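# Chains, contacts and geometry: an overview
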Amino acid sequence: MSKRKLKEDNFSNGECISKVQWILRERFCQLSPGAKLFGMELQYKHLAELLKRTAVHGESNSALIIGPRGSGKTQLMCHVLKKLMEIKQVRENFLQVHLNGLLQTNDKIALKEITRQLNLENVVGDKVFGSFAENLAFLLEALKRGDRAHSCPVLFVLEEFDLFVYHKNQTLLYNLFDVSQSAQTPIAVIGLTCRLDILELLEKRVKSRFSHRQIYLINSFDFKKYINICKEQLSLPSEFPDKNFAQKWNKNVQSLFEDQTMQDVLQNQFHYSKDLRSLYMLLMLALSRVTVSHPYISASDILEATKLWRVDSKANIVHGLSVLEFCLIIAMKHLNDIYEGEPFNFQMVYNEYQKFVQRKAHTVYSFEKPVVMKAFEHLQQLELIKPVERLCPCAQKEYLLMKLLLDNNQIMDAVQVYPNCPTDVKQWATSSLN
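Residues numbered from 1 in each chain as written. Predicted model: local features only at pLDDT ≥ 70, side-chain atom pairs only at ≥ 80, totals over all residues. Heavy atoms only, no water.

## Describing the sheet that holds strand β3 (residues 154–159)
Taken in spatial order, the five strands line up as β2-β3-β4-β1-β5 in an open sheet, and their pairing is parallel. On the outer flanks of this sheet lie β2 (95–100) and β5 (214–216), each paired with one strand and no other. Strand-to-strand twist of the sheet, defined as the mean angle between neighbouring strand axes without regard to direction, takes the value 15°. Examined bridge by bridge, β3 and strand β4 (residues 187–193) share six bridges and lie parallel to one another. (Pairing = 2+ DSSP bridges. Helix = DSSP H or I, 4+ residues; strand = E, 2+ residues; numbered from the N terminus. Axes fitted to C-alpha atoms, helices over the stretch in contact; angles between N-to-C directions.)

## Remarks on the packing of helix α18 (residues 323–339) against helix α21 (residues 408–417)
The N-to-C vectors of α18 and α21 enclose an angle of 145°; their axes lie 11 Å apart at closest approach. The two elements α18 and α21 cross, and the hand of that crossing is left-handed. Of the residues in α21, those in contact with Phe326, Ile329, Lys333 and Asp337 of α18 are Asn408, Ile411, Met412, Ala414 and Val415. Split into classes, the residues belonging to the contact of α18 with α21 amount to six nonpolar, one polar and two charged. (Left-handed = near helix turned anticlockwise from the far one by under 90°. Contact = heavy atoms within 4.5 Å. Nonpolar A, V, L, I, M, F, W, Y, C, P; charged D, E, K, R; others polar.)

## Remarks on the pattern of salt bridges
Overall, the coordinates contain 13 salt bridges when judged by the stated rule. Between glutamate 49 and arginine 53 there is a salt bridge, and its shortest N-O distance comes to 4.0 Å. Highlighted residues: glutamate 49 and arginine 53, both in helix α2 (residues 41–57), separated by four residues, approximately one helical turn. Ionic contacts of the salt-bridge type, sharing partners, join the residues Glu49, Arg53 and Glu59 into one network. (Salt bridge = Lys/Arg side-chain N within 4 Å of Asp/Glu carboxyl O.)

## Quick notes on the environment of valine 20
Within the fold, valine 20 resides in helix α1 (residues 2–28). With sequence-adjacent residues up to four places away left out, valine 20 is seen in contact with Leu236, Phe240, Phe245, Trp249 and Leu287.

## Digging into unusual backbone geometry
A negative phi angle characterises most non-glycine residues, just as the trans form characterises most peptide bonds. Phi at asparagine 169 is positive, roughly 60°, even though this residue is not glycine. Checked against the element boundaries, asparagine 169 lands in the loop between α8 (161–164) and α9 (171–181). Judged by its relative accessible area of 45%, asparagine 169 falls in the partly exposed class. (Buried < 20%, exposed > 50% of the residue type's maximum accessible area, 1.4 Å probe, protein only.)

## Here's the deal with the state of the cysteines
By definition, a disulfide links two cysteine residues through a covalent bond between their sulfur atoms. Summed over all chains, the structure comprises zero disulfides. Considering cysteine sulfurs only, cysteine 327 is the nearest to cysteine 421, which forms no disulfide, with 7.7 Å between them. (Disulfide = S-S within 2.5 Å.)

## Re the nonpolar core
The nonpolar side chains of soluble globular proteins are, as a tendency, buried together. The biggest cluster of nonpolar side chains holds 39 residues, and the ones touching the most others in it are Trp249, Phe257 and Leu266. Contributions of two or more residues to this core are made by α1, α12 (223–234), α13 (243–256), α14 (260–272), α15 (276–287) and α16 (299–309). Here this core takes eight residues from α15, the largest share from any one element. When near neighbours in sequence (up to four residues on either side) are disregarded, leucine 266 contacts Phe223, Tyr226, Ile227, Cys230, Phe257 and Leu279. Residues Leu328, Val349, Phe376 and Val425 belong to the second largest nonpolar core, which totals 37 residues. (Core = buried A, V, L, I, M, F, W, Y, C linked by side-chain atoms within 4.5 Å.)

## Points about a nonpolar patch on the surface
On the surface, a cluster of nonpolar side chains totalling about 350 Å² of accessible area is made up of Leu196, Tyr216 and Ile218. Considering the arrangement of structural elements, one finds tyrosine 216 in strand β5. Its relative accessible area of 38% is what places tyrosine 216 among the partly exposed residues. (Patch = residues over 30% accessible without salt bridge, like charges linked within 9 Å, V, L, I, M, F, W, Y side chains within 5 Å. Areas by Shrake-Rupley, 256 points an atom, 1.4 Å probe, with all protein chains shown as cover.)

## Thoughts on the packing of aromatic side chains
On inspection of all chains with the given rule, the structure shows 15 aromatic pairs. Between phenylalanine 346 and phenylalanine 376, the aromatic rings sit 5.3 Å apart at their centres with planes inclined by 65°, giving edge-to-face as the arrangement. Of this pair, phenylalanine 346 sits in helix α19 (residues 346–359) while phenylalanine 376 sits in helix α20 (residues 369–381), and the two are 30 residues apart along the sequence. A relative accessible area of 0% means that phenylalanine 346 is categorised as buried. Residue class for phenylalanine 376 comes out buried when judged on its relative accessible area of 2%. Three or more aromatic residues joined by ring pairs make a cluster, and in this case those are Phe221, Phe223, Tyr226 and Phe270. Above the ring of tyrosine 174, the side-chain terminus of arginine 205 is found at 4.3 Å from the ring centroid. (Phe/Tyr/Trp six-rings, centres within 6.5 Å; stacked < 30°, edge-to-face > 60°. Lys NZ or Arg CZ within 6 Å of the ring centre and 35° of its normal.)

## Digging into the side chain of glutamine 104
Looking at the element boundaries, glutamine 104 is found in the loop between β2 and α5 (107–117). Not counting chain neighbours up to four residues away, the residues in contact with glutamine 104 comprise Leu99, Ile109, Ala110, Glu113, Phe164 and His167.

## Focus on α14
Taking 1.5 Å per residue as the helical rise, α14 with its 13 residues ought to reach 18 Å, and the 18 Å between its terminal C-alpha atoms agrees with that figure. Among all positions in α14, only Met262, Val265, Leu266, Gln269 and Phe270 are buried. The buried side chains of α14 occupy one side of the element, clustering within an arc of 140° when seen end-on. Seen from the open side of α14, the exposed residues pointing more than 90 degrees away from its buried face are Gln260, His271 and Tyr272. Elements in contact with the buried residues of α14: α12, α13, α15 and α16. (Expected span 1.5 Å × (residues − 1). Arc of directions from axis to C-beta.)

## With respect to α19
The first and last C-alpha atoms of α19 sit 20 Å apart over 14 residues, in line with the 20 Å expected at 1.5 Å per residue. Every buried residue of α19 is listed here: Phe346, Gln347, Val349, Tyr350, Glu352, Tyr353, Gln354, Phe356 and Val357. Buried positions along α19 lie against α18, α20 and α22 (423–431).

Spatial relationships are all this shows, so hold off on functional conclusions.
Right, dumping it as structure tokens:
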């Protein structure tokens, strides 16, 4: 009987863990419908008011949301649209077009995407238009129902707005801003970008048609607020099915943030990056360590997650190099120390390697020059070295100037953990410091 009861308890505990994983992962990926915005209350209010005037009153507007990557520009936009769609009048009469500068790389592709999202492929058919402006005007005309007051409002959201600036003559931007300024179909044009100098990139005719509304997103919260956000994001909601488990989980979260190790890790992360997307990724990695046998997050989980999150990808590549390639890296490091970071070529690296081989002829195998050249080219393919100037077909490969993309600390760390590294190679790496 006791074994059966224990089995039922374990099953219940497993269900709780699955539910916790589901709720918190949804929250960290910002897919949860009840996800909160932190430190964006004023920006939220401003944008919501702007879009409401377009959706409800038919007033055309344009604005730019500017902030560093991970500051919550897209999240802010999604929250405002979700709130706006709760109004019946908006839900029935408001069209959205979402474009991305990474996907719509020219105006022709952008126009096709606008036609698709507005469901106007059948209306356009095989019509031939003289210009982009004429095509866009036709699309917007097709949405009209009588006068301006009864036209269908359209929202254009341009993600990676700065990439649209590089389209030929900025035709798309010019026409969208032109429509938003004139008494045509009511539209709102919202651009999302991380470029602070975005207005300087706009042509004069485009800039003159832009409303110059700019909404800035900057994570201005202090460390105390950062801790509270982290605590809130890890806590389970009151409506969690198993009240007893939720209480224990939240109590563990509370005690976790009193741990000095946890405070130190988060302080380090806070100084490294204040953006919440990085924090959520860190918490996601820690959450993946939670299992039935280890049901609560500990400070050591967060510590391990930090190591995993900040792993040096270039150093990891070095660990997988052959001994010859590793020797060439050390030779380059040696040249950097001697010539104080000046560029080098293959011949200089080969000469340095040959000096080492001659000194240690009894322990180190000497490779022929073509083999060493092949290893050198492989390092270039791995992007551990790069040419200083553009490659010229007529230039001899041995004399192309190169630059090492690893610093001394990365190389010395790699020496310590390199599997089965010959002792002489280790000593050579260390002696090159002097």
